[in-house]
Structure formats: structure tokens, C-alpha cells
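Given next are the chains, with one letter for each unit.
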Amino acid sequence: MTIRVLVAEDQSAVRAGLVLILRSAPDIEVAGEAEDGEAAVRLARELRPDLVLMDVQMPRLDGVSATRQVVAEGLADVLVLTTFDLDEYVFGALRAGAAGFLLKHTDAHDLLEAVRTVARGEGMIAPAVTRRLIAEFAGTAAARTADPAVLDALTRREREVLGCLGEGLSNAEIAGRLSMAEATVKTHVSRLLGKLELRSRVQAAVLAQELGLRER
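Residues numbered from 1 in each chain as written. Predicted model: local features only at pLDDT ≥ 70, side-chain atom pairs only at ≥ 80, totals over all residues. Heavy atoms only, no water.

Engineer: Got a sec to walk through the side chain of H188? Specific residues and values, please.
Structural biologist: The topology assignment puts H188 in helix 9 (residues 182–196). On the basis of relative accessible area, H188 is assigned to the buried category, the value being 12%. What H188 contacts, discounting residues up to four positions off in sequence, is R157, E158, V161 and M180. (Helix = DSSP H or I, 4+ residues; strand = E, 2+ residues; numbered from the N terminus. Buried < 20%, exposed > 50% of the residue type's maximum accessible area, 1.4 Å probe, protein only. Contact = heavy atoms within 4.5 Å.)

Engineer: I'd love a proper account of the sheet that holds strand 1 (residues 3–8), names of residues and values included.
Structural biologist: Pairing is parallel across the open sheet formed by five strands, whose spatial order is 2-1-3-4-5. The open sheet is flanked by strand 2 (28–34) and strand 5 (100–103), the only strands paired with a single partner. For this sheet the average axis-to-axis angle between neighbouring strands, irrespective of direction, equals 25°. Pairing between strand 1 and strand 3 (residues 51–55): four bridges, direction parallel. For V5, the partnering residue across the bridge sits in strand 3 and is L51. Contacts from helix 1 (residues 12–23) reach strand 1, strand 2, strand 3 and strand 4 (77–82), with the element oriented near 165° to strand 2. (Pairing = 2+ DSSP bridges. Axes fitted to C-alpha atoms, helices over the stretch in contact; angles between N-to-C directions.)

Engineer: Pulling in residues and values, what's your account of helix 10 (residues 201–210)?
Structural biologist: What sets the pattern is the α-helix's 3.6 residues per turn: residues three or four places apart point alike. Within helix 10, eight of the ten residues are buried, leaving the element largely enclosed by the surrounding structure. Among the residues making up helix 10, those that are buried are R201, V202, Q203, A204, A205, V206, L207 and A208. Between the side-chain oxygen of the N-cap and the backbone nitrogen of Q203 there are 3.2 Å, and the N-cap of helix 10 in question is S200. (Polar contact = N/O pair within 3.5 Å; in protein donor to acceptor, adjacent residues only side chain to side chain.)

Engineer: Explain the side chain of S170 to me, and be specific about the residues and the numbers.
Structural biologist: Inspection of the secondary structure puts S170 in the loop between helix 7 (156–166) and helix 8 (171–178). The exposure class of S170 is buried, given its relative accessible area of 16%. Look past the residues within four positions of S170 in its chain and what remains in contact with it is E122 and R201.

Engineer: Can you explain the pattern of salt bridges? Please cite residues and give values.
Structural biologist: Summed over all chains, the structure comprises twelve salt bridges. When the shortest N-O distance is used, the salt bridge between E160 and R157 registers 2.6 Å. Taken together, the positions of E160 and R157, both in helix 7 and three residues apart, correspond to about one turn of that helix. You can call R157 partly exposed: its relative accessible area is 24%. Among the charged side chains, a salt-bridge network with shared partners connects D27, E113 and R116. (Salt bridge = Lys/Arg side-chain N within 4 Å of Asp/Glu carboxyl O.)

Engineer: Break down helix 7 for me, with residues and values.
Structural biologist: The element helix 7 is extensively covered by neighbouring structure, given that eight of its eleven residues are classed as buried. Listing the buried residues of helix 7 in full gives E158, E160, V161, L162, G163, C164, L165 and G166. Of the residues one or two after helix 7, G168 is the one with positive phi, at around 80°.

Encoded structure:
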């Protein structure tokens with residue numbers, strides 16, 4: 001199955017490099033290119049890609065605002081490109097519902113794997129990036145104070161899966177940890193996101209961190 005990607009990056013040289021890498025993969029198609037946030041939202045509406053590869057800092061409309069619109073309208077999953085400054089832009093993208101975060105200068109192989117991972121519905125990518133991001137976000141004033149009572153809506157199994165998400169585990173890793181089928185893990189993740197009214201696995205992971213939840 002071909003993954004259709006919209007590339008949103010204001011630096012033409014960087015955008016060209018990303019497009020070149022993406023087009024080298026037989027299972028990935030570059031659906032379009034955007035040089036600013038407004039164009040990213042407009043093209044996402046027109047092209048309905050599977051995923052938007054979104055730079056955070058762009059002119060006219062920043063990547064955070066663009067991510068918020070794309071996610072709110074259900075147009076596509078968003079994989080955010082960051083230099084990993086851990087600033088308000090990155091945290092804003094997390095709150096906006098970004099499905100994953102990727103270092104801007106990552107190598108070609110990791111870029112392609114990140115796109116495939118997010119396309120599979122697994123927003124937790126690049127553990128070295130996401131686990132640090134989750135921990136940093138959960139420990140800042142920017143993180144909302146989580147009420148433990150939110151867990152009352154979850155089944156025991158869903159709580160266990162949520163704890164694993166907080167550790168940055170993939171579906172396959174959770175399946176191995178909890179001795180269940182990967183398809184069953186996906187079902188639990190989908191259900192707990194719905195019950196907790198969260199937009200992404202990344203947000204679920206932050207919530208788990210805030211609650212100090214760990215899979216036992």
C-alpha cells in the first residue's frame with residue numbers, strides 16, 4: 001500500500017532533499033510540496049495525503065498552527081520535523097495532536113522508517129527523540145495537571161497499554177511485553193485514545209508520564 005506524503009518545509013534545499021529521499025522508496029509517494037503553513041493546510045485539504053511531514057518554524061502560518069488545523073479537520077497524520085530545541089513550538093505541536101517527531105537532520109533510512117511507522121498508526125517514533133520529549137514536556141509547566149480519575153474509564157488492560165505508551169514502546173513491543181497480538185494492541189490504543197479524548201499516542205504517552213503510570 002502506497003503512503004502519500006505532503007512535504008511542508010520553507011527551506012527549498014531542505015525540502016528538495018526530503019522529497020528526494022521519500023521518492024527513493026517504492027512504497028512512498030510525494031503527493032505535494034508546501035513552502036509555508038498556509039499552503040500546507042490548503043494542500044492537505046485538496047490532496048488528502050496519508051501524512052504531512054511538517055516543519056515547525058515556517059512563514060505565514062507556523063507548523064504548530066498548521067498541525068492543529070490539519071489534525072482538527074482529520075485531514076492527515078502529522079509527523080513534525082524539529083531541530084529538537086524543546087521550545088514552545090515543539091510542545092505546541094504535541095498539544096496540537098502531532099503523531100510523531102523527527103529530527104530535521106535525521107538520515108534517509110530513519111526518515112523513511114518514521115514515515116512508515118506513523119502511517120501504521122504508531123506515533124511513537126525514534127525513542128531517543130520521543131522519550132526525551134515526553135519526559136521534558138511532562139516535567140514542564142506547559143503540561144496540564146492530570147487527574148488520576150481519568151483512568152477510571154479504562155479497563156485494566158487499557159491501563160497497562162497506556163503505561164507502555166508512556167515508556168515509548170511501539171505496538172510490536174507492547175504486544176511482546178503484554179503477550180498479546182499486535183492487532184489487539186492497536187485496538188486497545190484506539191479505544192483508550194477515544195475514552196481519554198486524546199488525538200495521538202504522543203499525547204497518551206505524556207498523560208501516562210504525568211500520572212506516573214508504569215506497566216507492571
